[in-house]
Amino acid sequence: MRAAANIPTSCSAKIERTSDNVKTHDPIVAQKCDALFNYFLYYLREKPVMMISIQGTHQETRLVTRQVSDGNGGNRTETHHETHTVTDFNFSIDVSNYISNEWERVMAVPKQTSKEQQPVLGAWKAVLDQFISSKNLLKEIHMQKEVVWDYGNIQNSIVMALRMAGYGHNIRITFPKLNSMVSAYSASTLSKATDSMAMKVFCVVTCLCIIFYPIFLMVRKNVGISCLRITCVWEQDRLSIKITLG
């Protein structure tokens, strides 16, 4: 499916939002294909936020001296070497403006480990239908917002710029994203309970997770959890980064 699809102007589904995810347990979305389709298209109007994080580090070895007991009521001096990682710089560049304003295409990526019969890769409509028709109490479906750039070339260009600027130590480059997923879950009480942050915190604080987590895994396995994934692709618009080391 291409971005030429009619984009809905409203969505009545009740949602929860985090920095990375929009999700819903809305019963209509979980039961009607048109409502699920509308839900995904509506929240695809929000393109993902992406950063380029660049970190430079080097290792330093230091001689450490300390006083320890000699076992006879006195002290003795011990020395040893410790190696520490020193951060030379650590910054991020928001490159969201360089992501195309319109998504390019949608394709289905069914979960390979699911016990249920899987649609063919790319058959996004079949994935929606499978989610709707599933009676699985823990069914879930995710729309992943992917930004398709030549990450290897970007990394190499940044490293080359830093090397030419005289930096010769370790360089780590990552591409963290926010607002990158839209999810829909079963409207069942079991699904809501397992996804509830309050329930998770309560179980950890009271140590009930020791009892209930194995039970949950057993139930999850027995119902054959259905986890389907659809990928929506954004292309690169234009990207030009200038790095200057002061």
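All of these numbers come straight from a predicted model, not from anything done at the bench.

Reading guide: rules and limits
Residues numbered from 1 in each chain as written. Predicted model: local features only at pLDDT ≥ 70, side-chain atom pairs only at ≥ 80, totals over all residues. Heavy atoms only, no water. Axes fitted to C-alpha atoms, helices over the stretch in contact; angles between N-to-C directions. Helix = DSSP H or I, 4+ residues; strand = E, 2+ residues; numbered from the N terminus. Parallel < 35°, antiparallel > 145°, perpendicular 65-115°, else oblique. Left-handed = near helix turned anticlockwise from the far one by under 90°. Contact = heavy atoms within 4.5 Å. Nonpolar A, V, L, I, M, F, W, Y, C, P; charged D, E, K, R; others polar. pLDDT = per-residue confidence, 0-100.

Sorry if this is basic, but what is going on with the packing of helix H2 (residues 33-43) against helix H3 (residues 124-133) here?
As a packed pair, H2 and H3 sit with axes 9 Å apart at the nearest point and diverge in direction by 120 degrees. As the angle between them shows, H2 and H3 are arranged oblique. Relative to H3, H2 is oriented so that their crossing is right-handed. Along its contact with H2, which presents Cys33, Leu36, Phe37 and Phe40, the element H3 presents Trp124, Lys125, Leu128, Asp129, Phe131 and Ile132. For the contact of H2 with H3, the residue count by class is eight nonpolar, no polar and two charged.

How should the confidence of the model for the chain be read in this particular structure?
Segments scoring low in pLDDT should not have their predicted coordinates read at a detailed level. The predicted model of the chain has a mean per-residue pLDDT of 77, with 70% of residues at 70 or higher. Here helix H7 (residues 209-223) stands out as the least confident element of the chain, with mean pLDDT 51; strand E7 (residues 170-174) is the most confident, with 96. The low-confidence segment residues 219-227, where pLDDT is below 50, has 22 contacts with residues more than four positions distant or belonging to other chains.

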